[in-house]
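# Notes for the structure review
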Amino acid sequence: MKKKLIKLLAIVLTIVLGTVGCAKENKNEDSNEEINEYNIQESNYIHLTMLFPKTINPILNRDKSVGYIMNLIYDGLFEIDENYNVEPRLVETYTKSSDGKSINIKLKSDATWHNNKELTSSDVNFTVDLIKKIKDNPYSDLVGNIKSIQINDSKNFTINLNENDPFIIEKLTFPIVSKDKLSSLKTDEVNKYKNNLLGNGPYKIKEYVDRQYMILERNEKYFGDLPENRKEIFVKMVPDKESQTEMVLSLDSDIASVTLSELSKFEKKKEFNITNYEGRNYEMVIFNYDNEFLNDVNFRKAIISAIDRKQLLKEAYVDNATLSHFPLNTTSKYYNKDIKDLDYNKENAIKYLTEALKSVNESLESQKQTDASKQSSQDLQGVIEDNSTGISSNSELSRKDMKEMLKQIELNIVVSAENGERIKVANTIKQNLSSIGIKSVVKELNEKDLAKALNSKEYDLAVVGYSLSSIPDARGILESCNIKDKQFLTYIKSLGNSKSEDETKKVYDQIQKYVVEKGLFISLGILDNFIVSNKRLEGKIYPNDFDIYKGISNLQMSK
């Protein structure tokens, strides 16, 4: 199970939702030039870009920019909303069995392909089989637990699983492709754009010129509740991400996703709107539980209480991050916002530190007494002096004793030398620890050495980051923290055995409360992502990191 979870974390970086639909093909060069000559400010199209596609087959595509466009043309059974929760798309109703090993699904009666043919249970079955058939498919892990699909009729089917999966609904977000269009093709033909011009989503392809552009028109028979006057979309194909950004800057494209480092190019320009939203990059600090001090709950709480995480996010990430206590999007239905993390409080930090040092000292003295068991009981009743530290075994530690113990502690904080924000985090934590008397050193490591240090436990604290999956399954990240706590591991096992959404929420509540109560790691937050749009467009979009154009049908041209 653990290998599966880690593998699932890896595919998060490559999974993208979407692909293409139907339409015309090539035009001559004169017509291409004519299309590209008009003034975008006067155009009735919404202008977007994507990188030159290797394929527009939705379940073979690996490029995010292509996937974002394909979301407009293809639907899945379910989709991810702006809060990173799933909602039905092609599905009318569904029920999960009590043992969690099967799901009955009814498709929407008016779900059709762009050629007006009915979208059926057979299309779903064909899509799953095709994903399984093609090696290294980006969606392979999403369908790996599907044992079979039983077709009951054209709109009703049952998905049978090999084993219970509490997040199976969240995995059914891959796009559905047409059996009628693709089933007769050889493997190498499935990639070709001319065989992938039939979709089922709110937009369909009106024109397609390979490696140049495509025009998307409204799917007038789409079942969704969309504005009747939504605009057609012109998609220019470009060679790289930089070109996408530059085209928006030069007003040749209307919308683009930009990085934090690119944001400054747009912030002072009156032509643009900037939409920020919670992304998927989760930042945290993990502890090495092999360190006897860090294995003490009060020592960990002392560290957490000494860190002003709000100020840290403001300084390291320019306040473009959402504080969180757990590796889930804070908008997720499984994230409990009522749970309060340990506050920044230097006074409390010192109290926790005092308790921790007392506990560790008692543990050391207990071991010393065990080793000295041959001594007389009279000798053991006195105050035992530790010759190496000069600290007494009395239950109360003096400030002098604490200082002596702290002199022996120096924590190694490891961080990637290639991530400037995390280096700022590490150095801020070093300052925070120093304020309560804990010495530390920051070690900036290249990616190879950092991976080695993490694997061999050559660190005390590690500043790391993870990309959250489309599946709200935090087990992979939690297990990678190597937390040595039996109760915590029991909760993790319970999460995997959950058979309903309510049960999953209950277990997640227990885990989140326990993480905070025991200070199992330092949760920093989730970084923002940004969409820049031309102000000639009016209306609100609702992007998430899997679908940056979500809500694009709401956009109209300003008057």
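Residues numbered from 1 in each chain as written. Predicted model: local features only at pLDDT ≥ 70, side-chain atom pairs only at ≥ 80, totals over all residues. Heavy atoms only, no water.

As recorded by an unreviewed UniProt entry, the protein chain carries the name Solute-binding protein family 5 domain-containing protein and is attributed to Terrisporobacter othiniensis. As its UniProt record puts it under Sequence similarities (unreviewed entry), the protein chain is described as follows: "Belongs to the bacterial solute-binding protein 5 family." (UniProt positions renumbered as here; feature names shortened; annotations may be inferred.)

Right, let's get into the pattern of salt bridges. On inspection of all chains with the given rule, the structure shows 22 salt bridges. When the shortest N-O distance is used, the salt bridge between Asp290 and Lys457 registers 3.6 Å. Here Lys457 lies in the loop between α16 (447–455) and β16 (461–467) and Asp290 lies in the loop between β12 (272–287) and α10 (297–305), a separation of 167 residues in the sequence. Residue class for Asp290 comes out partly exposed when judged on its relative accessible area of 44%. Residue Asp290 pairs with Lys484 through a salt bridge whose shortest N-O separation is 2.4 Å. (Salt bridge = Lys/Arg side-chain N within 4 Å of Asp/Glu carboxyl O. Helix = DSSP H or I, 4+ residues; strand = E, 2+ residues; numbered from the N terminus. Buried < 20%, exposed > 50% of the residue type's maximum accessible area, 1.4 Å probe, protein only.)

Looking now at empty space enclosed by the protein. Going through the model one piece at a time under the given rule, you end up with 5 cavities of 30 Å³ or more. What lines the largest cavity is a set of 14 residues, and nearest its centre among them are Leu328, Leu468, Ser469, Ile471 and Pro472. The residue makeup of the lining of the largest cavity, split by class, is 9 nonpolar, 4 polar and 1 charged. (1 Å grid on protein atoms, 1.4 Å probe; cavity = no way out; pocket = protein on both sides within 12 Å on 5 of 7 lines; lining within 4 Å. Points joined across faces, edges and corners; volume = space filled by probe spheres on them. Nonpolar A, V, L, I, M, F, W, Y, C, P; charged D, E, K, R; others polar.)

The next subject is the sheet that holds strand β10 (residues 233–238). Pairing between the strands of a sheet is mediated by backbone hydrogen bonds and can be parallel or antiparallel. Overall, mixed pairing links the 4 strands, which are arranged β1-β10-β9-β8 in an open sheet. Strands with a single pairing partner mark the edges of an open sheet, and in this sheet they are β1 (46–51) and β8 (203–209). Adjacent strand axes in the sheet meet at a mean angle of 25° when their direction is disregarded. In terms of strand pairing, strand β9 (residues 213–218) meets β10 through 4 bridges, oriented antiparallel. By the bridge assignment for β10, Leu216 is matched with Ile233. Against the sheet, helix α8 (residues 241–249) touches β1 and β10, its axis set at about 165° to β1. (Pairing = 2+ DSSP bridges. Axes fitted to C-alpha atoms, helices over the stretch in contact; angles between N-to-C directions. Contact = heavy atoms within 4.5 Å.)

Of note in the backbone geometry, Val318 takes a positive phi value of approximately 50° without being a glycine. One can find Val318 in the loop between α11 (309–316) and β13 (321–323).

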